[in-house]
Each structure stands twice: as C-alpha cells, then as structure tokens.
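Residue strings, one per chain:
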Amino acid sequence: MEAFKQLIILNKWDLPLPLSVRNIVITEELFKTDYVPPTVVSASDISERVLFYTNPMMRGEDVKRLQQALGLPEKDIDGVFNRVTDEAVREFQRKNNLKIDGKAGPATYAALGY
C-alpha cells in the first residue's frame, strides 16, 4: 500500500479509483490519515454461517438471533434475512466502523458481542 500511497502523493497516479488488484479494492479512503483498517476476526465456531440478503432468503434460528442482537422490533424478528434485516446489518456496520457489506460474519458478530 505504501507504494500506491507514494505514487498518489507524488501525483504520478493516473488510474481511476476504486481499483481492484488481486481481490483487494484500493480506494481513496485507504490513504486518508485517519483511516482505520477493518478488523479481521476469525469465527470461533466454524459451523457459524455468514448471513446476508439473498434470493431465496436465508432462514433459521441464527437469523433470528442476529435480528434480536440488532435490536429489531419484535414484529421483524422472524428468522428470515430480508431487506429489513439487511438494512439493520448495514446500519450497525456503519455505526461500528465495520466494512459495510450487509454480511453478518465474524467481524459483525464480534462487534455484536457474540
């Protein structure tokens, strides 16, 4: 990353950002002085699945636990990872300086206190 940063500082960077290199997305955000890299956390239970909005929608007790942990209203706690749950996950990630991708995985679970 330092090499990219130096090119940008020296005004020798002419590729548009964001740029993806070997599955790493390089954005202007990475080069801000107050940038905090995302936390990488390993799942403590390898059977824990990453939850996200998809079609067909993911369902189960793990989704229900996530909805409860996010503080969704009782009427929205149904064990179905729908748009309401997706929006709640994204808002939680935003408020907790996590990668905002709508996926409830190890980092989101850790921030929720799982």
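These notes cover the structure that comes with them. Every value quoted in this text rests on a predicted model; they were computed, and no experiment measured them.

Scanning the entire structure with this criterion turns up five salt bridges. In this structure, the salt-bridge partner of Asp62 is Arg49, at a minimum N-O distance of 2.6 Å. Of this pair, Asp62 sits in helix α2 (residues 61-69) while Arg49 sits in the loop between β2 (24-26) and α2, and the two are 13 residues apart along the sequence. Residue class for Asp62 comes out buried when judged on its relative accessible area of 18%.

Looking at where Gln93 falls in the secondary structure, it is placed in helix α3 (residues 83-95). Residue Gln93 is classed as buried on the basis of its relative accessible area, which comes to 1%. With sequence-adjacent residues up to four places away left out, Gln93 is seen in contact with Leu98, Lys99, Ile100, Asp101, Gly102, Lys103 and Thr108.

Tracing the chain through its elements places Asp76 in the loop between α2 and α3. Excluding anything up to four places from it in sequence, Asp76 contacts Gln67 and Val84.

The next point concerns the environment of Gly102. With respect to the helices and strands, Gly102 occurs in the loop between α3 and α4 (106-112). Gly102 sits in the buried class, given a relative accessible area of 1%. Placed 49 residues apart in sequence, Gly102 and Tyr53 show a C-alpha to C-alpha distance of 7.4 Å. Apart from the residues within four sequence positions on either side, Gly102 is in contact with Leu51, Phe52, Phe81, Asp86, Val89, Arg90 and Gln93.

All right, on to α2 then. The α-helix winds at 3.6 residues per turn, so residues separated by three or four positions along the chain end up facing the same way. Regarding α2, the residues found buried are Asp62, Val63, Leu66 and Gln67. Around the axis of α2, the buried residues are gathered within 140° of arc, so they sit on the same side. Looking at the buried positions of α2, the neighbouring elements they touch are α3 and α4. Downstream of α2 by a residue or two, Gly71 has a phi angle that is positive, lying close to 75°.

Definitions and limits used
Residues numbered from 1 in each chain as written. Predicted model: local features only at pLDDT ≥ 70, side-chain atom pairs only at ≥ 80, totals over all residues. Heavy atoms only, no water. Salt bridge = Lys/Arg side-chain N within 4 Å of Asp/Glu carboxyl O. Helix = DSSP H or I, 4+ residues; strand = E, 2+ residues; numbered from the N terminus. Buried < 20%, exposed > 50% of the residue type's maximum accessible area, 1.4 Å probe, protein only. Contact = heavy atoms within 4.5 Å. Arc of directions from axis to C-beta.

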